Amino acid sequence: MIKNYFKIALRNLWHNKLISGINILGLAVGIACCLLITLYVFQETSYDHFHKKGDRIVRATTELNFSGTLTKVAVTGTKALPEFKRTFPEVESGVRIYPTPTIVKFGDKLFQEKGFVYADATFFDIFSFKLLKGNTATILKAPNQIVLTETSARKYFGKENPIGKSLQINNDKDYIVSGITEDCPANSQIKFDMIASWSSLTDPLYTHESWADASYYTYLLLKSPEMIKILEAKIPGYFKAQNKDYGVAGKNYLNIRIQPMEDVHLRSIVDGGMEPNGDIRYIYIFSIIAVLILIIACANYINLTTARASDRAKEVGLRKVIGASRWQLFFQFIGESLIMVLVALLISLSLAYLFLPEFNFIADKQLSMSALVTAAPLITVFALLILIGFLGSVYPALVLSGFNPLKTLKGITGVASSGIGLRKSLIVVQFFISTCLILGTLVIHNQLEFIRNKKLGYDNTRVLVLRSDEALRKKINTLKSVLMARPSVLGVTTCNQSPTFIQGKFNMVLDGKETIITGVRTDKDFVRVMGLHIVSGADFTRPEEEAAFAVTDTIQRPVIVNEAAVRSFGWKNQEAIGKVIKFQGRNTIIKGVVNDFHFSSMHETISPFIIFMSNYTSKVMVKLSGQRLPEAMSFIQATWTKLAPEQPFEYEFLDAQFNKLYSAETRTGLISYSFALLAIGLACLGLLGLVTFSALQRTKEIGIRKVLGATVTNIAVLLSKDFLKLVGIATVLALPVAWWITNKWLEGFAYRITINWWMFMCAGLMAIVIAITTVGFQAVKAALMNPAKSLRSE
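Residues numbered from 1 in each chain as written. Predicted model: local features only at pLDDT ≥ 70, side-chain atom pairs only at ≥ 80, totals over all residues. Heavy atoms only, no water.

Notes on the overall build of the protein chain
Point 1. Broken down by element type, the protein chain carries 27 helices and 24 strands.
Point 2. Here the protein chain, with 794 residues, has 53% of them falling under the buried criterion.
Point 3. Of all intrachain contacts in the protein chain linking residues separated by at least 6 positions in sequence, the fraction that spans at least 24 positions is 80%. (Helix = DSSP H or I, 4+ residues; strand = E, 2+ residues; numbered from the N terminus. Buried < 20%, exposed > 50% of the residue type's maximum accessible area, 1.4 Å probe, protein only. Contact = heavy atoms within 4.5 Å.)

Quick notes on helix α25 (residues 712–746)
Point 1. Under the 1.5 Å per step criterion, the end-to-end length of α25 is 47 Å for 35 residues, consistent within 8% with the ideal 51 Å.
Point 2. Of all bends in α25, the biggest is about 45 degrees, found at S720. (Expected span 1.5 Å × (residues − 1). Bend = angle between axes of the 7 residues up to and from the residue.)

Regarding the packing of α25 against helix α26 (residues 757–783)
Point 1. Across the interface, α25 lies against α26 with an axial gap of 8 Å and an inter-helix angle of 160 degrees. When the axis of α25 is compared with that of α26, the two are roughly antiparallel. Of the two possible hands of crossing, α25 and α26 adopt the one that is right-handed. Here V712, I715, A716, L719, S720, F723, L724, V727, T731, L735 and W739 of α25 come into contact with α26, specifically with F760, A763, G764, A767, I768, A771, I772, V775, A779, V780, A782 and A783.
Point 2. Looking at the contact of α25 with α26 residue by residue, the class counts come to 20 nonpolar, three polar and no charged. (Axes fitted to C-alpha atoms, helices over the stretch in contact; angles between N-to-C directions. Parallel < 35°, antiparallel > 145°, perpendicular 65-115°, else oblique. Left-handed = near helix turned anticlockwise from the far one by under 90°. Nonpolar A, V, L, I, M, F, W, Y, C, P; charged D, E, K, R; others polar.)

A closer look at the nonpolar core
Point 1. Counting 102 residues, the largest nonpolar core has F431, V443, F526, M530, L532, I611 and F675 as its most contacted members.
Point 2. Those residues within four positions of F526 in sequence are excluded, and the remaining contacts are T493, T494, C495, P499, V520, L532, I611 and M621. (Core = buried A, V, L, I, M, F, W, Y, C linked by side-chain atoms within 4.5 Å.)

Remarks on the pairing of strand β6 (residues 116–119)
Point 1. Burial of the side chains of β6 extends over both faces: F116 and Y118 are buried on one face and V117 and A119 on the other.
Point 2. Sheet topology places strand β3 (residues 91–99) next to β6; three bridges connect them, and they run antiparallel. Looking at β6, one finds that Y98 is bridged to Y118.
Point 3. Of the pairings in the sheet, the one linking β6 to strand β11 (residues 194–197) comprises four bridges and is parallel in character. Looking at β11, one finds that A119 is bridged to S197. (Pairing = 2+ DSSP bridges.)

Some points on the packing of aromatic side chains
Point 1. Scanning the model with the defined rule gives 31 aromatic pairs in all.
Point 2. Each residue in the set F50, F123, F124, F127, F129, F192 and Y219 is aromatic and connected to the rest through ring pairs, giving one cluster.
Point 3. Of note, R281 hangs over the ring of Y282, and the distance from its end group to the ring centre comes to 5.7 Å.
Point 4. In this structure, R486 is placed above the aromatic ring of F635, and the distance from its NZ or CZ to the ring centre is 4.5 Å. (Phe/Tyr/Trp six-rings, centres within 6.5 Å; stacked < 30°, edge-to-face > 60°. Lys NZ or Arg CZ within 6 Å of the ring centre and 35° of its normal.)

Remarks on a nonpolar patch on the surface
Point 1. On the surface, a cluster of nonpolar side chains totalling about 550 Å² of accessible area is made up of W757, W758, M761, L765 and V769.
Point 2. With respect to the helices, strands and loops of the structure, L765 is situated in helix α26. (Patch = residues over 30% accessible without salt bridge, like charges linked within 9 Å, V, L, I, M, F, W, Y side chains within 5 Å. Areas by Shrake-Rupley, 256 points an atom, 1.4 Å probe, with all protein chains shown as cover. Salt bridge = Lys/Arg side-chain N within 4 Å of Asp/Glu carboxyl O.)

A few points about the state of the cysteines
Point 1. Within the structure shown, the criterion is met by zero disulfides.
Point 2. With no disulfide of its own, C33 has C34 as its nearest cysteine by sulfur position, at a separation of 7.0 Å.
Point 3. With a relative accessible area of 3%, C33 lands in the buried category. (Disulfide = S-S within 2.5 Å.)

A closer look at the pattern of salt bridges
Point 1. Evaluation of the coordinates by the stated rule reveals 22 salt bridges.
Point 2. The partner of R542 in a salt bridge is E545, with the nearest N and O atoms 3.7 Å apart. Taken together, the residues R542 and E545, both in helix α18 (residues 542–549) and three residues apart, mark about one turn of the helix.
Point 3. Among the ionic pairs, E544 bridges to K591, the shortest N-O distance being 2.8 Å. In this pair, E544 is assigned in helix α18 and K591 in strand β21 (residues 586–594), connecting sequence segments 47 residues apart.
Point 4. Exposure remark for E544: the relative accessible area of 22% places this residue in the partly exposed category.
Point 5. K591 sits in the buried class, given a relative accessible area of 17%.
Point 6. Sharing partners across several salt bridges, the network here consists of K480, D523, K524, D525 and R528.

Here's the deal with unusual backbone geometry
Point 1. Here D48, not a glycine, exhibits a phi torsion of approximately 65 degrees, which is positive.
Point 2. Along the polypeptide, D48 turns up in the loop between α2 (17–45) and β1 (57–66).
Point 3. Positive phi outside glycine occurs at R628, with the angle close to 50 degrees.
Point 4. Mapped onto the elements, R628 comes out in the loop between β23 (619–624) and α21 (629–643).

Description of the environment of N460
Point 1. Structurally, the position occupied by N460 is in the loop between α14 (415–453) and β14 (463–467).
Point 2. Taking relative accessible area as the criterion, N460 reaches 10% and is therefore assigned buried.
Point 3. Sequence separation between N460 and Q657 is 197 residues; the distance between their C-alpha atoms is 9.4 Å.
Point 4. The residues contacting N460, other than those within four sequence positions of it, are L654, D655 and F658.

Concerning the environment of D459
Point 1. Its location among the elements puts D459 in the loop between α14 and β14.
Point 2. On the basis of relative accessibility, which here comes to 28%, the residue D459 falls in the partly exposed class.
Point 3. Distance from D459 to F597, taken between C-alpha atoms, is 9.9 Å for residues 138 residues apart in sequence.
Point 4. Other than its neighbours up to four places away in sequence, D459 contacts M530 and K623.
Point 5. A polar contact is formed between the side chain of D459 and the side chain of K623, at a distance of 2.7 Å. (Polar contact = N/O pair within 3.5 Å; in protein donor to acceptor, adjacent residues only side chain to side chain.)

Some points on the packing of helix α16 (residues 476–484) against α21
Point 1. Interaxial distance between α16 and α21 falls to 11 Å at its minimum, and their mutual angle equals 155 degrees. Between α16 and α21, the crossing angle belongs to the class labelled roughly antiparallel. Every pair of crossing elements has a handedness; the one defined by α16 and α21 is right-handed. On α21, the residues touching T478, L479, V482 and L483 of α16 are F635, I636, T639, W640 and L643.
Point 2. Classifying every residue of the contact of α16 with α21 by side-chain character gives seven nonpolar, two polar and no charged.

Topic: a negative patch on the surface
Point 1. On the surface, a cluster of negative charge is contributed by E150, E182, D183 and D193.
Point 2. Within the element layout of this structure, E150 appears in helix α5 (residues 150–157).
Point 3. With a relative accessible area of 31%, E150 lands in the partly exposed category. (Lys, Arg positive; Asp, Glu negative; His and termini not counted. Charge placed at Lys NZ, Arg CZ, Asp CG, Glu CD.)

In structure tokens, the structure reads:
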């Protein structure tokens with residue numbers, strides 16, 4: 001019997017090739033989308049779950065409120081870890097991590113390592129990165145020790161054993177290789193290629209305990225997971241007392257917040273980190289998109305299956321007459337459905353495999369189909385198979401198996417009228433979803449365009465960012481003179497962080513109250529080269545730069561602040577000029593005020609900012625005119641190689657760094673565009689199938705109407721008007737829902753667009769035009785049929 005059911009199922013599929021093809025293709029595309037999104041979601045939600053002690057590791061972040069401006073950063077000062085260990089019994093251990101691009105040399109091999117970090121000796125005790133060679137207790141204990149990943153070890157030493165060998169760091173000291181670790185997993189927010197011991201940092205900047213100069217990622221290991229809530233409750237009281245001691249009062253405060261490590265990637269309470277954060281909202285968005293696409297695919301299947309029910313009415317009647325029970329017929333139709341879904345699943349796996357490289361490119365991931373072999377994805381796929389097969393067939397199976405055999409053999413079924421309400425509802429659902437996705441895609445696109453085109457307050461076009469070191473800093477004036485002699489070079493400046501995303505925090509005392517302010521170390525040319533505007537006061541001068549670089553306490557060093565800082569101090573721009581503040585323990589005088597500019601993500605408002613001169617910088621930025629760019633780049637490279645032979649010529653453009661800030665939003669936009677198109681395509685595919693089937697069922701009616709004088713337009717309107725009404729209803733229902741969802745997403749940006757009326761109009765018109773095109777094509781095709789041929793076929 002099962003063999004016969006299988007034969008009948010294949011015969012029916014072959015007999016109705018067009019409708020079956022639409023059904024299988026729609027399901028296959030829908031399942032393939034779900035598989036790709038499932039891979040992405042599993043990857044994102046697995047971040048940092050491989051650490052054995054992960055449930056009791058927290059990341060510490062800095063929060064500062066000064067004059068109503070709240071600033072949050074992912075880094076802390078050097079004091080956070082030792083002070084928390086001394087003060088809070090809940091803290092068992094901890095580790096500080098300081099990422100800093102570094103020049104590494106071995107023999108004739110010279111590289112700028114962007115994945116170079118310094119870390120405390122407890123690093124491998126707290127985290128579960130697999131150590132292949134070396135002793136966990138000692139590998140980072142002594143100064144000038146370094147641990148390499150497998151890839152880094154092969155890069156420098158090939159197949160040789162690197163343990164005990166040395167690498168020259170920053171053209172200065174030799175560091176001994178004390179261990180080898182596996183490469184960082186893709187689902188780790190802590191990424192590195194080399195780890196050097198924290199004790200190698202001997203400058204007072206690193207050895208002196210301070211809440212200020214926040215540049216270090218701090219992780220705490222608590223004694224148990226339950227201690228997280230207890231420690232969270234204790235921290236505010238501790239810092240309230242600390243703020244009082246430092247003279248910080250009122251609404252001004254400094255605080256350290258903690259967050260479970262496993263929540264950092266998707267639920268980070270601050271922007272920034274060792275790699276770009278994910279966002280749990282996008283996981284929800286993609287998951288919802290996957291479900292919606294699957295709903296559209298299932299709706300197509302149910303619509304077309306119920307619409308075809310009348311074609312099998314006589315078959316059901318004959319089977320019942322010769323003794324088939326309702327349940328036998330029910331399970332036959334369920335089985336046929338599962339066969340179709342199984343075929344669609346096999347095709348979907350091929351589609352997912354085929355388009356995975358493109359999806360990886362869009363999502364900026366390295367996903368693999370092998371991940372589907374693990375337990376969770378396998379269960380998900382199997383559940384999808386059963387769910388789709390059941391949902392897509394249970395209603396048609398109940399309808400078909402419930403036919404009265406006598407009536408069906410007489411041609412009376414009533415199925416067309418009994419299923420029409422469901423089919424109409426499903427069409428509305430499909431285009432409701434499609435319209436929501438269209439409007440969501442428009443909003444995401446326009447927000448990203450707004451970010452790209454918004455005036456940042458500085459000029460980030462054609463600015464070359466290069467890595468500097470101590471040796472080059474001594475030759476910086478020579479480098480500037482040589483480069484500036486070239487007409488294509490408009491300016492050269494140095495700084496410790498590029499203005500795209502500045503996290504550095506520094507200590508400041510104003511009116512006897514201590515606070516922390518975001519700032520950048522630079523030279524006298526920073527304001528001019530970056531295109532900042534002096535709104536009051538004046539820029540730095542050469543004598544002031546020389547005095548500042550001499551680091552003498554006998555003079556008042558000049559600083560420049562932004563307008564947000566002046567407002568937070570309670571002054572006007574002109575009033576700020578000449579004011580004396582204590583900055584980094586020294587008396588400084590405010591010489592100028594610059595316009596507010598975006599030195600962090602647009603998720604945050606512009607906060608107080610300070611610019612001060614220091615020769616302790618790590619970046620060289622070269623502003624180019626854009627004329628004869630290849631020649632200019634060759635000249636800069638030749639000059640760089642001559643003056644800094646120990647420094648690789650590796651660069652990045654400032655606007656490219658800016659674009660990286662919004663990589664998550666860009667990925668969301670691209671994925672949304674792609675899946676919105678697929679969802680619309682699936683909805684149109686289902687609509688095309690229904691119109692095609694409707695035209696086939698009404699072949700005789702169309703022929704008679706044409707004989708009686710109906711035009712092609714009359715027939716096309718007859719076939720399409722009911723479907724287009726449903727699309728119109730879906731559009732009207734979808735737009736307010738889509739507005740609410742997209743408005744919630746926009747609330748995550750401090751600077752955002754307003755959702756305008758034209759976006760609603762575009763989304764609605766696009767949905768309707770797409771539906772008209774789909775329905776109209778098939779309706780006109782049916783209307784052009786020869787009536788004599790259609791009546792003869794009937």
